[in-house]
Amino acid sequence: MPEQSICHDALAVQFAGKRVLVTGHTGFKGGWLCLWLKELGAEVTGIALPPPGGPTLFSAVGLAQVIDHRIGDIREGADFARACEGLEPDLVIHMAAQSLVRPSYADPVDTFRTNAVGTAVVLDQVRRMPSVRGVVVVTSDKCYENNEWPWPYRETDPMGGADPYSASKGCTELVASSFRRSFFSDPKGCQIATVRAGNVIGGGDWAVDRLVPDIIRATIAGTAVAIRNPASVRPWQHVLEPLSGYLTIAALLLSDAAHDFAEAWNFGPSPDAFVDVETIARILQKTWGPGAAAIAFGKRTDDPHEAGMLTLDSSKAHARLGWRPRLTTEQAIAMTANWYRVFADGSEDMRSLTIGQIASFAASAELSSRVQEKIQACA
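Treat the numbers as computed from the prediction; the structure is a model and nothing was measured.

The rules behind the values
- Residues numbered from 1 in each chain as written.
- Predicted model: local features only at pLDDT ≥ 70, side-chain atom pairs only at ≥ 80, totals over all residues.
- Heavy atoms only, no water.
- Helix = DSSP H or I, 4+ residues; strand = E, 2+ residues; numbered from the N terminus.
- Rg over C-alpha atoms; globule rule 2.2 N^0.38 Å.
- Contact = heavy atoms within 4.5 Å.
- Areas by Shrake-Rupley, 256 points an atom, 1.4 Å probe, with all protein chains shown as cover.
- Lys, Arg positive; Asp, Glu negative; His and termini not counted.
- Charge placed at Lys NZ, Arg CZ, Asp CG, Glu CD.
- Axes fitted to C-alpha atoms, helices over the stretch in contact; angles between N-to-C directions.
- Parallel < 35°, antiparallel > 145°, perpendicular 65-115°, else oblique.
- Nonpolar A, V, L, I, M, F, W, Y, C, P; charged D, E, K, R; others polar.
- Phe/Tyr/Trp six-rings, centres within 6.5 Å; stacked < 30°, edge-to-face > 60°.
- Buried < 20%, exposed > 50% of the residue type's maximum accessible area, 1.4 Å probe, protein only.
- Lys NZ or Arg CZ within 6 Å of the ring centre and 35° of its normal.

## A word on the overall build of the protein
Move 1: Summing up its helical and strand segments, the protein has 14 helices and 12 strands in all.
Move 2: The globule rule puts the C-alpha radius of gyration for 379 residues at 21 Å, and the 20 Å found for the protein is close to it.
Move 3: Structurally, the protein occupies a C-alpha span of about 55 × 45 × 40 Å along its principal axes.
Move 4: Considering only contacts in the protein between residues 6 or more positions apart, those separated by 24 or more positions represent 80%.
Move 5: Of the roughly 14,800 Å² of accessible surface on the protein, a fraction of 53% belongs to carbon and sulfur atoms.
Move 6: Side-chain charges of the protein comprise 35 positive and 42 negative groups, with the mean position of each set lying 2 Å from the other.

Right, here's the structure in full:
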């Protein structure tokens, strides 16, 4: 049997029948993760705010029909506790967040309430859920104190952030670390890991002021689009790349070796995917072909500060997990463009298309034999 099949089978064995609570399932990354968990045989419950108006991945794939969909606000302890009533999850994956830089300038207080205080609310609720064996807290590459140096950030680099969003993600990491040391320090008890990814792309992201959704919206509407900061360099990756890392850590937190993996992890792209905004925009424009939106570049004088250089070092995940990115930048953009093109045409069931992309990606994923053995031995 090829190694990639063994890898996916190992995850399927570990997650089959497991009760998994995902916060933020109405969001872009959360929706993809929930579908993947369902394909692995997990019993998935999602708690989140209602999806925003307009198109969403959540509605496009009919996620409410395939998981236990609940509404709850992580900023309010009583409301989140109510949404958790009756749940006895084995695993919690915390993805609910205010996930954009520019809105954090418009409402910094709510950004901190959602990302930092909300994480504390979730972890405090987990303390009251004895069934939970592991928690994966999803933060961001922007949690690091960004000095805009040319080398990638490692998990041991200091937390920080100039803008409210980045600072709130650094705070999220500190909250998780505090709870880990204060309430989850028993090596045989519930374990907490944090995971950080780069700038994710993929079908179903409709966030405002985000590069790919902005271009897709303009393309579908037949209008031009203005792109700010064309020279800014980011670690671009398809959403399934980091999710494969999150699932690997989640599976290990459900194993007898959980304590060895209860720490911070970077899941970024290969160095050749550390490219500037203009390059990504041009590849997407070329991949879409005729009808792609015309693009104008230029930063307005009233635009708030955003980092010009940010890259991740994922060597720890490579060395200890055997995890590595599988898609080139061109492949990631082609998958993304195909998802949106089918959505715009209305020519195919979007849940089937999305699950098909997950299956195709999963067939190419690998884990080290040592990690597979740990997962399989404790399933």
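Still more to cover.
## Considering the packing of helix 2 (residues 28-39) against helix 13 (residues 350-362)
Move 1: Taken N-terminus to C-terminus, the directions of helix 2 and helix 13 make an angle of 70°; their axes are 10 Å apart at the nearest point. It follows that helix 2 is roughly perpendicular to helix 13 by the angle criterion. Note on element contacts: helix 13 touches helix 2 through R351, T354, I355, Q357, I358, F361 and A362, opposite W32, L35, W36 and E39.
Move 2: The residue inventory of the contact of helix 2 with helix 13, partitioned by class, reads 7 nonpolar, 2 polar and 2 charged.

## Here's the deal with the packing of aromatic side chains
Move 1: Tallied over the full model, the rule gives 10 aromatic pairs.
Move 2: Taking the centre distance of 5.4 Å and the plane angle of 15° together, the rings of Y144 and Y153 count as stacked. Note on accessibility: Y144 and Y153 belong to one class, buried.
Move 3: Aromatic pair F261 and W265: ring centres 6.1 Å apart, planes at 25°, arrangement stacked.
Move 4: When the ring centre of W265 is taken as reference, the NZ or CZ atom of K316 above it lies at 4.3 Å.

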